[in-house]
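What follows is the residue order along each chain.
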Amino acid sequence: EGSNLRYLNLSNNALGEKGVRAFAGLLKSQHNLEELYLMNDGISEEAARAVCELIPSTDRLRVLHFHNNMTGDEGAVAISELVKHSPLLEDFRCSSARVGSEGGVALAEALGSCTSLKKLDLRDNMFGVESGIALSKVLPRFSDLTEIYLSYLNLEDEGSLALANALTESVPSLEVLEMAGNDITAEAAPALAACVAAKQFLTKLNLAENELKDEGAILIAKALEEGHGQLNEVDL
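Residues numbered from 1 in each chain as written. Predicted model: local features only at pLDDT ≥ 70, side-chain atom pairs only at ≥ 80, totals over all residues. Heavy atoms only, no water.

Trainee: In this structure, what is going on with a negative patch on the surface? I would like to understand it.
Mentor: A cluster of acidic residues, E130, E156, E158, D183 and E211, forms a negative patch at the surface. If you trace the backbone, E211 turns up in the loop between β8 (204-206) and α9 (213-223). (Patch = residues over 30% accessible without salt bridge, like charges linked within 9 Å, V, L, I, M, F, W, Y side chains within 5 Å. Areas by Shrake-Rupley, 256 points an atom, 1.4 Å probe, with all protein chains shown as cover. Salt bridge = Lys/Arg side-chain N within 4 Å of Asp/Glu carboxyl O. Lys, Arg positive; Asp, Glu negative; His and termini not counted. Charge placed at Lys NZ, Arg CZ, Asp CG, Glu CD. Helix = DSSP H or I, 4+ residues; strand = E, 2+ residues; numbered from the N terminus.)

This is the structure:
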């Protein structure tokens, strides 16, 4: 308590709300945090609210990682308040956190104020189409984004189309694109192919466990024929 910390990692503990509140003295005294990690911590809806309530300022926060928690929709809504007040955020991870459509939309809208974002990892949540569309609306603000992980989010064709179209028109320096396990069919393949064709700095492309079939795979393969000199990993 009272230490002027830049980096705080409380990951891999069974914290829950009680654990978070046990750190109240420490958290309340942090005004200059740049990196905060709360992964695999039993961060429930109540625990997420406690984190937001106790940390007085995230003005300087650059890295925020919630992974493998039981955060859910309400917890994600609480985290989105933290995100809204973190204008310098560069690296945000909220993966495997049981977040559904309501929480996904809230997070997407909150991320709109993080224009310095470079890395975004939302894998393995139950976002659905609406969250994908909400995220597609804020993507153009992330001009420095280099890595985006959107696998296993139930995006389906509609959500994936919105995201692919938004990515095609923005995010010029994208290096990593992951959209595995989203029930994407050949119908969305032309938009994905256009997106891939536009991203000449890609080093990694993961579209595994979708329903692209031959037709979709051929379109994406053709998009990779031109340029893409830095690409070293493709998973279909």
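And the narrative resumes.
Trainee: Sorry if this is basic, but what is going on with the environment of A186 here?
Mentor: Relative to the elements of secondary structure, A186 occurs in the loop between β7 (176-178) and α8 (189-198). Sequence-wise, A186 and D73 are 113 residues apart; in three dimensions their C-alpha atoms are separated by 31 Å. Apart from residues no more than four positions distant in its own chain, A186 is found in contact with E211, L212, E215 and G216. (Contact = heavy atoms within 4.5 Å.)

Trainee: How do you make sense of helix α6 (residues 128-138) when you look at a structure like this?
Mentor: Side chains of residues three or four places apart in an α-helix project in the same direction, reflecting 3.6 residues per turn. Counting buried residues in α6 gives 8 out of 11 residues, a clear majority hidden from the surface. The set of residues buried in α6 consists of G128, V129, S131, G132, A134, L135, S136 and V138. (Buried < 20%, exposed > 50% of the residue type's maximum accessible area, 1.4 Å probe, protein only.)

Trainee: Could you clarify how one ought to interpret the environment of R141 in this entry?
Mentor: By the element assignment, R141 lies in the loop between α6 and β6 (147-149). Using a relative accessible area of 44% as the deciding quantity, one classes R141 as partly exposed. On a C-alpha basis, the gap between R141 and L117 in space is 8.8 Å, while along the polypeptide they are 24 residues apart. Sequence-distant contacts of R141, that is, excluding residues within four places in its chain, are made with G112, S113 and T115.

Trainee: It is not clear to me how the pairing of strand β3 (residues 63-67) should be interpreted in this structure. Could you clarify?
Mentor: The side chains of a regular strand alternate, first on one face of the sheet and then on the other. For β3, a buried count of 4 out of 5 residues is recorded, marking the element as mostly surrounded by other parts of the structure. Pairing analysis gives 3 bridges linking strand β2 (residues 35-37) to β3, with the strands arranged parallel. From the neighbouring strand, Y37 faces β3, where its bridge partner is H65. Read from β2 through helix α3 (residues 45-54) to β3, the crossover connection turns out right-handed. (Pairing = 2+ DSSP bridges. Right-handed = clockwise from strand over helix to strand, strands pointing away.)

Trainee: Can you walk me through the sheet that holds β3 in this structure?
Mentor: Sheets are built from strands that pair by backbone hydrogen bonding, the pairs being arranged parallel or antiparallel. What the 9 strands build is an open sheet, ordered β1-β2-β3-β4-β5-β6-β7-β8-β9; its pairing is parallel. Since the sheet does not close on itself, it has two edges, and those belong to β1 (7-9) and β9 (233-235), each with one partner. Here the average twist between neighbouring strands, direction ignored, is 5°. Bridge count for β3 against strand β4 (residues 91-95) is 5 bridges, and the pairing is parallel. Residue pairing across strands places V63 opposite D91, the latter belonging to β4. (Axes fitted to C-alpha atoms, helices over the stretch in contact; angles between N-to-C directions.)

Trainee: Where do I start with the pattern of salt bridges in this structure?
Mentor: Summed over the entire model, instances satisfying the criterion amount to 17 salt bridges. With a closest N to O distance of 3.4 Å, E34 and R62 form a salt bridge. You can see E34 sitting in the loop between α2 (24-28) and β2 and its partner R62 sitting in the loop between α3 and β3, a full 28 residues away along the chain. For E34, a relative accessible area of 23% gives the class partly exposed. A residue is classified by how much of its surface remains accessible, and R62, at 24% relative accessible area, is partly exposed. The network of salt bridges with shared partners includes R6, E34, E35, R62, E90 and K118.

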